[in-house]
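The lines below spell out each chain.
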Amino acid sequence: MKATVLGASGFIGRNLVRHLQSAGYEVATPGRHEIENLGGPLGRVFYCIGMTGNFRDRPLGTVDVHAGLPGRLLEQTDFESFVYFSSTRIYAQAAGSNETSETAPIAVTPSADTTYDLSKMLGEALCLSHEQAGVKVIRLSNVYGPDQGTATFLGSLLEDLAGTGQTTIREAPGSSKDYVAVDDVVQLAERIARTGRHRTYNVASGQPVSHEEIAEAVRNEGLSCTFTPGGVRRAFPQINIERIRTEFGFSPRSLLKDLPALLRAAGGNAAKSRVDS
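Residues numbered from 1 in each chain as written. Predicted model: local features only at pLDDT ≥ 70, side-chain atom pairs only at ≥ 80, totals over all residues. Heavy atoms only, no water.

A. Focus on the overall build of the protein. When its secondary structure is counted, the protein shows nine helices and twelve strands. Compactness check: the protein gives a C-alpha radius of gyration of 19 Å against a globular reference of 19 Å for 277 residues, within 12% of the reference. Across its three principal axes, the protein shows a C-alpha extent of roughly 55 × 45 × 40 Å. The buried share of the protein, taken over its 277 residues, is 48%. Nonlocal contacts in the protein, meaning residues at least 24 apart in sequence, comprise 79% of its contacts between residues at least 6 apart. Split by element, the accessible area of the protein, about 13,200 Å² in all, is 49% carbon and sulfur. Where the 28 positive side-chain charges of the protein centre and where its 30 negative ones centre are 1 Å apart. (Helix = DSSP H or I, 4+ residues; strand = E, 2+ residues; numbered from the N terminus. Rg over C-alpha atoms; globule rule 2.2 N^0.38 Å. Buried < 20%, exposed > 50% of the residue type's maximum accessible area, 1.4 Å probe, protein only. Contact = heavy atoms within 4.5 Å. Areas by Shrake-Rupley, 256 points an atom, 1.4 Å probe, with all protein chains shown as cover. Lys, Arg positive; Asp, Glu negative; His and termini not counted. Charge placed at Lys NZ, Arg CZ, Asp CG, Glu CD.)

B. Quick peek at the environment of Val 135. In this structure, Val 135 sits in strand β5 (residues 135-140). Classification of Val 135 by relative accessible area gives buried; the value is 0%. Each C-alpha atom, one on Val 135 and one on Leu 223, is 45 Å from the other, the two residues being 88 residues apart in sequence.

C. Just a nonpolar patch on the surface, in detail. Among the surface-exposed residues, Val 63, Leu 122 and Leu 126 lie close enough to one another that they form a single nonpolar patch of about 200 Å² accessible area. Relative to the helices and strands, Leu 122 resides in helix α4 (residues 115-129). (Patch = residues over 30% accessible without salt bridge, like charges linked within 9 Å, V, L, I, M, F, W, Y side chains within 5 Å. Salt bridge = Lys/Arg side-chain N within 4 Å of Asp/Glu carboxyl O.)

D. Fine view of the pattern of salt bridges. Applying the stated rule across the entire model yields 13 salt bridges. The partner of Arg 44 in a salt bridge is Glu 80, and the shortest N-O contact between them spans 3.2 Å. In this pair, Arg 44 sits in strand β3 (residues 44-47) while Glu 80 sits in the loop between α3 (59-76) and β4 (81-87), placing the two residues 36 residues apart along the sequence. The class of Arg 44 is buried, set by a relative accessible area of 10%. Where Arg 219 meets Glu 216, a salt bridge forms, and the shortest distance between an N and an O atom there is 3.6 Å. With Arg 219 and Glu 216 both in helix α7 (residues 211-220) and three residues apart, the pair spans about one turn of that helix. Residue Arg 219 is classed as partly exposed on the basis of its relative accessible area, which comes to 33%. You can call Glu 216 partly exposed: its relative accessible area is 38%.

E. Structural context of the confidence of the model for the protein. Of the residues in the protein, 95% reach a pLDDT of 70 or more, and the chain-wide mean stands at 92. Confidence over residues 270-277 falls short of pLDDT 50; this stretch has one contact with residues more than four positions distant or in other chains. (pLDDT = per-residue confidence, 0-100.)

F. The arrangement of the packing of helix α5 (residues 153-164) against α7 in detail. Running from N to C, α5 and α7 cross one another at 25°; their axes reach a closest spacing of 13 Å. Of the possible angle classes, the one that applies to α5 and α7 is roughly parallel. For the element pair α5 and α7, the recorded crossing hand is right-handed. Contacts between α5 and α7 involve Phe 153, Leu 157 and Leu 161 on the former and, on the latter, His 211, Ile 214 and Val 218. Each residue belonging to the contact of α5 with α7 can be placed in one class, and the counts come to five nonpolar, one polar and no charged. (Axes fitted to C-alpha atoms, helices over the stretch in contact; angles between N-to-C directions. Parallel < 35°, antiparallel > 145°, perpendicular 65-115°, else oblique. Left-handed = near helix turned anticlockwise from the far one by under 90°. Nonpolar A, V, L, I, M, F, W, Y, C, P; charged D, E, K, R; others polar.)

G. The arrangement of the nonpolar core in detail. Counting 35 residues, the largest nonpolar core has Val 5, Leu 16, Phe 46 and Phe 85 as its most contacted members. When residues of this core are traced back to their parent elements, those giving at least two are β1 (2-6), α1 (11-22), β4, β5, α6 (182-195), β10 (200-203) and α8 (242-248). Of the residues forming this core, the biggest block, seven residues, is contributed by α6. Residues contacting Phe 85, with those up to four places away along its chain left out, are Ile 12, Leu 16, Phe 46, Tyr 47, Cys 48, Lys 120, Ile 138, Leu 140, Val 185 and Ala 189. (Core = buried A, V, L, I, M, F, W, Y, C linked by side-chain atoms within 4.5 Å.)

H. Spatial organisation of the side chain of Arg 139. Structurally, Arg 139 can be placed in strand β5. On the accessibility criterion, Arg 139 (5% relative accessible area) is buried.

I. Structural context of α3. Look at α3: 24 Å from first C-alpha to last across 18 residues, which is about the 26 Å you get at 1.5 Å a residue. Largest kink in α3: about 40°, centred on Val 65. Buried within α3 are the following residues: Thr 62, Val 65, His 66, Ala 67, Leu 69, Pro 70, Gly 71, Leu 73 and Leu 74. Here the buried face of α3 lies against β1, α2 (32-35), β3, β4, α4 and β5. (Expected span 1.5 Å × (residues − 1). Bend = angle between axes of the 7 residues up to and from the residue.)

J. Main features of the pairing of β10. Burial along β10 is two-sided: Thr 200 and Asn 202 facing one way and Tyr 201 and Val 203 facing the other are all buried. By the bridge criterion, four bridges tie β5 to β10 in an arrangement that is parallel. Bridge pairing in β10 links Val 137 to Thr 200. (Pairing = 2+ DSSP bridges.)

Right under this line is the structure:
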């Protein structure tokens, strides 16, 4: 079996490579400079490339990475299946409603802040316009794992706790996000590529976790977690995961149960960084 992981150097990509290799795949991991000239049968393709925190500074680059490049690959390459990694962030304006199933209409107001969302939706549209049923879309929520980066809310929080044993959250305690374990993501991605009956899947835990719940779990580990007074409350809508529950019998891992292990991993990584420096 052959697979090609695009974006293999990123957090999700490198975990996906490890999972595919353990499942017996021969995995190709072309770099950015090689992707435009890919040739030959690519097997099962996983498009993990994405623009994150710098999308506001690079709007045209964001559109190309999320839509232009995958669109060209869909037209020009030979593949068995093609899985495009999108984001549940596109449901952000559904707050207060339950319309987050894969078939629900999506409301997005164009602005500098929604360039990311709209470019992901354009990438999805290009995938879904492809006649091959093996072209799939995965909408990911906030992915966590022991080797996650520090640019995200959770990654930054773990970095603070590993370094000083304390952290301060600037948003309100009632703020919440959906978190899904990277191990769950990579296993589902491979199964969706291989046997998925639908073309679009939400991959999330289906249960928002509040900042207060995270803070309480941190305190239970003997660490300090406080809140800045007057912080803004940002609550993400609950993501509908009935499709992956029904089709794959999916039962998500729990961030709150995994948090002690994540704290230990972050502490180990911080210690290693101090030694290496």
